Amino acid sequence: MDAGRAIFELLTTNTTVRHYCSTRVFPNVAAKELALPHIVYTLLYNADSATKDGPSQLDMPVYQISIFTSAAPTGPNGEAPNDVAKLLREAVRYTLERVSGTIAGVQVQSASHIDQRDLFDEDAKAFHLSDDYQFRIIRSNLNVQGFSPYQYTTAARLAGATVDEKAIESVINKLKQ
C-alpha cells in the first residue's frame with residue numbers, strides 16, 4: 001500500500017499546513033518556480049516484515065518530509081522565515097506522529113518520527129527542513145493473482161476468512177496431476 005496517499009491526505013487537511021502552504025504538498029519533487037512555502041514527501045526506502053509462509057502483511061516505509069520556506073518574511077504577520085519553517089515542522093510532526101487508522105484507503109498501523117535536519121539552499125535562498133518518518137502499513141488487501149493455493153490459503157487465514165481445508169487439498173492434488 002502507498003503510504004504517500006495517507007501523507008498527502010493528512011497534510012493537506014491540517015489547518016496550519018493549509019494556512020501557510022495552501023495545497024502545495026507534492027510527492028517526490030516540486031517545480032523550481034513554485035511559491036514558498038511548500039512541502040515535498042519522498043519515499044526513501046521500504047522494508048517489509050519477512051514471513052516464511054507467504055507475502056509480507058506489513059510494510060515499513062520511511063518517508064522524508066521536506067519543508068521549503070523563503071528566506072524573506074513569509075508569514076501573514078511578517079513572521080521570520082525560519083519561524084514559519086519551524087511552525088510547519090511542528091504541524092507536520094503533530095499530524096503524522098503516532099497516527100493510525102485507515103487514511104485515504106491506506107491502513108496505517110502507526111508512524112514515528114526518526115530524524116530531522118535543518119538545511120539552507122543558498123541558490124534558492126530557501127530554508128529546507130527535512131524530517132524522516134517510518135510508517136507501519138498493513139497489507140490486508142493483497143492482490144492474489146498468481147498465488148499458489150498454499151499462499152492463497154495463508155492470505156485468507158491472515159485476513160480472517162474461513163478456509164475449507166478439504167477443498168484446498170483437492171485443488172492441490174489436481175494441480176499435482
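Before any of the text, the structure's been laid out above.
Since we're looking at a predicted model, the values are computed, not measured.

(A) Seen up close, the overall build of the protein. Within the protein, the secondary structure is distributed over five helices and six strands. Here the protein holds 177 residues, and 39% of them are scored as buried. Of all intrachain contacts in the protein linking residues separated by at least 6 positions in sequence, the fraction that spans at least 24 positions is 57%. Just so you have it, the protein exposes about 10200 Å², and 51% of that area is on carbon and sulfur atoms.

(B) Structural detail: the pattern of salt bridges. Within the structure shown, the criterion is met by seven salt bridges. Here Asp118 ties to Arg89 by a salt bridge, and the two come within 2.7 Å at their closest N and O atoms. Within this pair, whereas Asp118 is found in strand β5 (residues 106–121), its partner Arg89 is found in helix α3 (residues 81–96), the two being separated by 29 residues in sequence. Lys125 serves as the salt-bridge partner of Glu122, at 2.6 Å between the closest nitrogen and oxygen.

(C) Examining the packing of aromatic side chains more closely. If you walk through the whole model with that rule in mind, you get three aromatic pairs. Pairing Tyr41 with Tyr63 gives two aromatic rings, centres 6.4 Å apart and planes at 50°, and the pair type is tilted. Of this pair, Tyr41 sits in strand β2 (residues 38–48) while Tyr63 sits in strand β3 (residues 58–70), and the two are 22 residues apart along the sequence. Here Tyr41 falls in the buried class, since its relative accessible area comes to 7%. The class of Tyr63 is buried, set by a relative accessible area of 5%. Look at Tyr63 and Phe135: their rings are 6.0 Å apart centre to centre, the planes differ by 90°, and that puts the pair in the edge-to-face class. In this pair, Tyr63 is assigned in strand β3 and Phe135 in strand β6 (residues 126–138), connecting sequence segments 72 residues apart. By relative accessible area, Phe135 is classed as buried at 0%. Here the aromatic residues Tyr41, Tyr63 and Phe135 are joined through ring pairs into a cluster of three or more.

(D) Here's a closer look at the sheet that holds β5. Spatial ordering of the open sheet is given by β1-β2-β3-β6-β5-β4, a layout of six strands whose pairing is mixed. Strands with a single pairing partner mark the edges of an open sheet, and in this sheet they are β1 (25–27) and β4 (101–103). The sheet shows a mean angle of 30° between the axes of neighbouring strands, direction not considered. Relative to β2, β1 runs parallel, the two sharing three bridges. By the bridge assignment, Pro27 is partnered in β2 with Tyr41. Its contacts with the sheet put helix α1 (residues 3–12) on β1, β2, β3, β4, β5 and β6, and the angle it makes with β3 is roughly 40°.

Procedures and definitions
Residues numbered from 1 in each chain as written. Predicted model: local features only at pLDDT ≥ 70, side-chain atom pairs only at ≥ 80, totals over all residues. Heavy atoms only, no water. Helix = DSSP H or I, 4+ residues; strand = E, 2+ residues; numbered from the N terminus. Buried < 20%, exposed > 50% of the residue type's maximum accessible area, 1.4 Å probe, protein only. Contact = heavy atoms within 4.5 Å. Areas by Shrake-Rupley, 256 points an atom, 1.4 Å probe, with all protein chains shown as cover. Salt bridge = Lys/Arg side-chain N within 4 Å of Asp/Glu carboxyl O. Phe/Tyr/Trp six-rings, centres within 6.5 Å; stacked < 30°, edge-to-face > 60°. Pairing = 2+ DSSP bridges. Axes fitted to C-alpha atoms, helices over the stretch in contact; angles between N-to-C directions.

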